[in-house]
Amino acid sequence: MTEPVDRPPEDPARLRAAEQAVVKAALQRGLVAPAAVGAARRAAEAGGPPLLVALGAGLSPEHRAALAEVYRAALGAAPAAPAP
C-alpha cells in the first residue's frame, strides 16, 4: 500500500478544467452520450455522485484508465505507473 502524498489543495478552476477535458475526451471517443453528460451533471448539482464518478460507472476499466490519464494530463501530473 502506498503512503498518502502531502499536496496543497488543487485550484478549483484547474479541477473544473480537468473535468471538462475528461468529458470532452469521453464524448469525442463515443464513450458517453451528450444526454448522459447532461443528466450526470444535473444529478451531481443536485447532490448526487460527482460528474466523473457517474460517467465512469458505465465504462470499462480500460476506458476509465484512459480517461484518468486525460485527467492527470490536464492537471499537469505525471502519468500513473502501471499496476503490477
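Residues numbered from 1 in each chain as written. Predicted model: local features only at pLDDT ≥ 70, side-chain atom pairs only at ≥ 80, totals over all residues. Heavy atoms only, no water.

Teacher, can you tell me more about the overall build of the chain here?
Within the chain, the regular secondary structure consists of 4 helices and 0 strands. Helices (α) and strands (β) of the chain occur, in sequence order from the N terminus, as α-α-α-α. Out of the 84 residues in the chain, the part that is buried amounts to 19%. A separation of at least 24 residues holds for 54% of the contacts in the chain among residues at least 6 apart in sequence. (Helix = DSSP H or I, 4+ residues; strand = E, 2+ residues; numbered from the N terminus. Buried < 20%, exposed > 50% of the residue type's maximum accessible area, 1.4 Å probe, protein only. Contact = heavy atoms within 4.5 Å.)

Help me understand the packing of helix α1 (residues 12-28) against helix α4 (residues 61-75), please; the structure alone is not making it clear to me.
Angle between the axes and distance between the axes: these two values describe a pair of packed helices. The geometry of α1 relative to α4 is characterised by a closest axis approach of 8 Å and an angle of 145° between their N-to-C directions. Viewed along their axes, α1 and α4 form a crossing whose handedness is right-handed. For the pair α1 and α4, contact is made by R14, L15, A18, E19, A21, V22, A25 and A26 and by L67, V70, Y71, A74 and L75, respectively. Per-class residue counts for the contact of α1 with α4 are 11 nonpolar, no polar and 2 charged. (Axes fitted to C-alpha atoms, helices over the stretch in contact; angles between N-to-C directions. Left-handed = near helix turned anticlockwise from the far one by under 90°. Nonpolar A, V, L, I, M, F, W, Y, C, P; charged D, E, K, R; others polar.)

Sorry, what's going on with the nonpolar core here?
For soluble globular proteins, nonpolar side chains are generally found buried alongside one another. Judged by nonpolar contacts, V22, V23, A25, A26, V32, V37, A40, L51, L55, L59, L67 and V70 together constitute the single largest core of 12 residues. Elements with a contribution of two residues or more to this core: α1, α2 (34-45), α3 (51-56) and α4. Considering each element in turn, this core owes the most residues, 4 residues, to α1. Once you skip the residues sitting within four places of it in the chain, V22 turns out to touch L52, L67, V70 and Y71. (Core = buried A, V, L, I, M, F, W, Y, C linked by side-chain atoms within 4.5 Å.)

Would you mind showing me how to read α1 here?
Note that an α-helix has 3.6 residues per turn; residues three or four places apart therefore point the same way. The terminal C-alpha atoms of α1 lie 24 Å apart, and with 17 residues this matches the ideal 24 Å at 1.5 Å per residue to within 8%. Check the buried side of α1 and you find it contacts α2, α3 and α4. Trailing α1 by a residue or two, G30 shows a phi angle of about 70°, which is positive. (Expected span 1.5 Å × (residues − 1).)

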